[in-house]
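So you can see what is in the structure, the chains are spelled out below.
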Amino acid sequence: MSIDWIHFTPWTSLAGGLIIGAAAAAFVLFNGRIAGISGILGGLLRPARGDIGWRLAFLLGLVGAPLAYAMFAALPAVTVVADTPTLVIAGLLVGLGTRYGAGCTSGHGVCGLSRQSPRSLAATAAFMLAGFATVFAMRHLFT
C-alpha cells in the first residue's frame with residue numbers, strides 16, 4: 001500500500017469536516033431539523049404547509065455554494081469513469097437504499113452519529129461495509 005502524497009490533503013479535509021459538522025449543528029440548533037439531504041429533498045416531494053421555504057433555501061445553498069466559489073477560484077476538475085447506464089443504476093440503488101435505510105449517509109453519518117442514534121450507527125456501519133465490499137469486488141474480483 002502506498003499513499004498518494006499529491007492528493008493527500010489532511011488539513012483541507014479536516015477543515016471541510018469541521019465546516020460540515022458546524023453547519024449540521026447550527027442547522028439542528030436554529031431550525032430543530034436534521035440536515036439529511038434525502039429527508040430535505042423528500043419533504044419537497046410531499047410538501048407540508050409552511051415547510052417548503054427552508055427546504056428550498058437549503059437546496060439552493062447546496063447548488064449556490066459551488067457557484068459562489070467558482071467566482072473566486074477554479075472548481076476542481078471532475079472525472080467520471082463510468083458510463084451512463086452504470087450511473088443511472090447506481091443512482092437508483094442509492095435512492096432505494098436511502099428510502100429503505102430511512103435516511104442518507106449525511107443524515108445518518110453526520111447528524112445521526114452525533115446524536116448517538118443506534119439506528120444511525122447501524123446504517124453507517126452498513127454503508128461503510130457495503131462500500132468496502134464494493135471497492136474490493138471492483139478492484140480485485142472483476143478486473
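Look above for the structure.
We now turn to the structure provided with this report. All values reported here derive from a predicted model rather than from experimental measurement.

Let's talk about the environment of H108
Right, on to step 1. By secondary structure assignment, the location of H108 is in helix α5 (residues 105-114).
Right, on to step 2. C-alpha separation for the pair H108 and P118, spaced ten residues apart in sequence, amounts to 9.8 Å.
Right, on to step 3. Dropping the residues within four chain positions of it, H108 is found in contact with G101, A102, G103, L113, R119, S120, A123, T124 and F127.
Right, on to step 4. Side-chain polar atoms of H108 contact the backbone oxygen of A102, separated by 3.4 Å.

Focus on a nonpolar patch on the surface
Right, on to step 1. Together, V28, L29, F30 and I34 line one region of the surface with nonpolar side chains, adding up to about 430 Å² of accessible area.
Right, on to step 2. Considering the arrangement of structural elements, one finds L29 in helix α1 (residues 10-31).
Right, on to step 3. Judged by its relative accessible area of 66%, L29 falls in the exposed class.

Some points on the packing of α5 against helix α6 (residues 118-141)
Right, on to step 1. Where α5 contacts α6, the axes come no closer than 9 Å and their chain directions differ by 130°. Between α5 and α6, the angle falls in the class oblique. Here the hand of the crossing between α5 and α6 comes out left-handed. Counted together, T105, H108, G109, G112 and L113 of α5 and R119, S120, L121, A123, T124 and F127 of α6 form the full contact between these two elements.
Right, on to step 2. Grouping the amino acids of the contact of α5 with α6 by side-chain chemistry returns four nonpolar, six polar and one charged.

The rules behind these values
Residues numbered from 1 in each chain as written. Predicted model: local features only at pLDDT ≥ 70, side-chain atom pairs only at ≥ 80, totals over all residues. Heavy atoms only, no water. Helix = DSSP H or I, 4+ residues; strand = E, 2+ residues; numbered from the N terminus. Contact = heavy atoms within 4.5 Å. Polar contact = N/O pair within 3.5 Å; in protein donor to acceptor, adjacent residues only side chain to side chain. Patch = residues over 30% accessible without salt bridge, like charges linked within 9 Å, V, L, I, M, F, W, Y side chains within 5 Å. Areas by Shrake-Rupley, 256 points an atom, 1.4 Å probe, with all protein chains shown as cover. Salt bridge = Lys/Arg side-chain N within 4 Å of Asp/Glu carboxyl O. Buried < 20%, exposed > 50% of the residue type's maximum accessible area, 1.4 Å probe, protein only. Axes fitted to C-alpha atoms, helices over the stretch in contact; angles between N-to-C directions. Parallel < 35°, antiparallel > 145°, perpendicular 65-115°, else oblique. Left-handed = near helix turned anticlockwise from the far one by under 90°. Nonpolar A, V, L, I, M, F, W, Y, C, P; charged D, E, K, R; others polar.

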